[in-house]
Amino acid sequence: MTPHATIAVEELDDRVVVTLRRPEARNAINAAMIRELHEVCAGLEENPRLLLLTGAGGVFAAGADIAELRARGRDQALQGINSRLFDRIARLPMPTVAAVDGYALGGGAELAYACDIRLASPAATFGNPEPGLGILAAAGATWRLRDLVGASVAKQVLLAGRRLTAEDAWRLGLVAEVVPADDLLKRAHALLDRMTRSSALALRLTKLVTDAPGGHPVTDDLAQAILFESQEKHTRMDAFLSGERS
Ligand code: COA
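Parameters at a glance
Each chain carries its own residue numbering, running from 1 in the written order of its sequence. Residues qualify for local features only when their pLDDT is at least 70, as the model is predicted, and side-chain atom pairs are given and counted only at 80 or more; totals for whole chains, interfaces and linings, by contrast, use all residues. Processing note: side-chain calculations cover all non-hydrogen atoms of the structure and skip hydrogens and water entirely. Two strands are counted as paired when DSSP detects at least two bridges linking them. Only DSSP runs of H or I covering at least 4 residues are called helices, and only runs of E covering at least 2 are called strands; the numbering of each starts at the N terminus. The contact rule is simple, with two residues in contact once any of their heavy atoms fall within 4.5 Å. To obtain each axis, a line is fitted to C-alpha atoms, and for helices this fit is confined to the stretch in contact; angles are then taken between N-to-C directions over 0 to 180 degrees. A 1.4 Å probe that fits into a set of points on a 1 Å grid over the protein atoms alone but cannot get out defines a cavity; an open set with protein on both sides within 12 Å along at least five of seven lines defines a pocket, and lining residues are those with an atom within 4 Å of a point. Grid points are joined across faces, edges and corners, and a volume is the space filled by probe spheres set on the points. When residues are sorted by character, Ala, Val, Leu, Ile, Met, Phe, Trp, Tyr, Cys and Pro go into the nonpolar class, Asp, Glu, Lys and Arg into the charged class, and all the rest, Gly among them, into the polar class. Between rings of Phe, Tyr and Trp, where Trp is taken as its six-membered ring, a pair exists when centres lie within 6.5 Å; planes separated by under 30 degrees are stacked, by over 60 edge-to-face, and by other angles tilted. The rule is short: NZ of Lys or CZ of Arg within 6 Å of the ring centre and within 35 degrees of the ring normal puts a charge over the ring. Small angles under 35 degrees read as roughly parallel and large ones over 145 as roughly antiparallel, with 65 to 115 read as roughly perpendicular and the rest as oblique.

(A) A look at the sheet that holds strand β3 (residues 50-55). The mixed open sheet is built from 6 strands, whose spatial order is β1-β2-β3-β4-β6-β9. Edge positions in the sheet fall to β1 (7-11) and β9 (177-178), since each of these pairs with one other strand and no more. Looking at chain direction, β1 and strand β2 (residues 15-20) are connected through 5 bridges and run antiparallel. If you follow E11 over to β2, its bridge partner there is V16. Running at roughly 175° to β2, helix α1 (residues 31-46) makes contact with β1, β2 and β3 of the sheet.

(B) Region of the structure containing the layout of surface pockets. Within this model, the largest pocket holds a volume of roughly 820 Å³. Lining the largest pocket are 27 residues, and of these A90, D116, K207, T210 and D211 sit closest to its centre. Counting only elements with at least two residues in the lining of the largest pocket, the list comes to α4 (81-90), α5 (107-114), β6 (117-120), α6 (141-149) and α10 (200-211). If one sorts the elements of the lining of the largest pocket by residue count, α10 sits on top with 8 residues. Within the residue set of the lining of the second largest pocket, elements represented by two or more residues are α2 (66-71), α3 (74-79), α4 and α5. Tallied by class, residues from the lining of the second largest pocket come to 14 nonpolar, 8 polar and 6 charged.

(C) Representation of empty space enclosed by the protein. In the structure shown here, the tally under the stated rule is 1 cavity of 30 Å³ or more. Estimated volume of the largest cavity: approximately 40 Å³. Forming the walls of the largest cavity are V18, L37, V40, C41, L51, L53, I89 and L92. Within the residue set of the lining of the largest cavity, elements represented by two or more residues are α1 and β3. By residue number, the principal contributor to the lining of the largest cavity is α1, which donates 3 residues. Taken together, the residues that form the lining of the largest cavity break down as 8 nonpolar, no polar and no charged.

(D) Up close: the packing of aromatic side chains. If you walk through the whole model with that rule in mind, you get 0 aromatic pairs. Here the guanidinium or amino end of K233 rests over the ring plane of F228, the centre of that ring lying 4.4 Å away.

(E) Spotlight on the packing of α10 against helix α11 (residues 217-228). Relative orientation of the contacting elements α10 and α11 amounts to 170°, with a least axis distance of 10 Å. Between α10 and α11, the angle is such that the two are roughly antiparallel. Side by side, α10 and α11 meet where L201, A202, L205 and V209 of the first sit next to T219, D220, A223, I226 and L227 of the second.

(F) Inspection of the environment of S198 at higher detail. Along the chain, S198 falls in the loop between α9 (184-196) and α10. As for S198 and V175, which are separated by 23 residues in sequence, their C-alpha atoms are 22 Å apart. Sequence-distant contacts of S198, that is, excluding residues within four places in its chain, are made with L203 and R236.

Right under this line is the structure:
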C-alpha cells in the first residue's frame, strides 16, 4: 500500500485497487483526490494494468467537494478539473471496473460512468443532483450517462433528479451485477481475474477500438492486424486447437 491522503492504493502485478477514502466528506472528490488519482493514472499509463475503483465506508463518492466547487469560478470550470481526470481514467489502456456501494452522486456518479464496467451493492444509488446546486454535471454525465442508459433515462436523472437504485441500474444495464456489499470486492476481483485470462494486448486494443469515436472498420482492421501478428495469438489458438480449454 502506498500512503495517500484521500485514497488507498494497492498495487498488484496485474491490477491496481484504488479505494476512495475521505470519510469526513463521504468520499467527496477534492483537489487532493484529483491529484492522487492523476498519479494513479500516470502509473497505469506507464505500466498498463487493470483498475478496480471503489469507495470506503459504504459510499462510493458523494460528488465533487461542494466547498471547493463553491469557490471555483469560470477559469477553473474551463480547466475541466474533474472532466480531465475522468477522461484520463476512461482512456486508461486496460479495462477499469467500479465497485459501487452506497452513494455515487454528482462527480462520484460521473467517475463511475467513466469506468468500463460497474458492479453495485444493493445500497448503490446513482444520481446527478448538480442543477439543484445551480450547476451542470459537466464531467461527462450529460453524454456518458446518455450513452450508457439512453437519453430518456439520462434526462430523468439529469433534469428531474431521478436517483437510480441498484435494481434500476441493473435493469438499465448501467451495472453488470448487484451483489451483497460483503461480496462486492470479491466479485469485482473475480471479474478482473476473468479478464486476466485474456490476452492483455487484445483487451487493450479492443477497448481502444470500442471507444474510438464513431467507430470505423479501418480501425478494427488495423487493431486486428497488430493482434494477428502477435505470438500470443498463435500460442492461444494452438492451445485451443490441441484441446485446451480455459
Ligand atoms: N462535498 C463536500 N462535503 C460533503 C459532500 C460533498 N459532495 N457530501 C457530503 N459531504 C459532507 C457533509 O457536508 C458532512 O459534513 P459535516 O459532517 O462536516 O457536516 C459529511 O460529509 C456527511 O454528510 P451528511 O450529509 O451528514 O451524510 P448523510 O449520510 O446524511 O448523507 C449524502 C449522504 C451523500 C446523501 C449527502 O451528504 C449529500 O447529499 N451530499 C451531497 C451530494 C451532492 O449534491 N453531490 C453533488 C455534488 S456536485
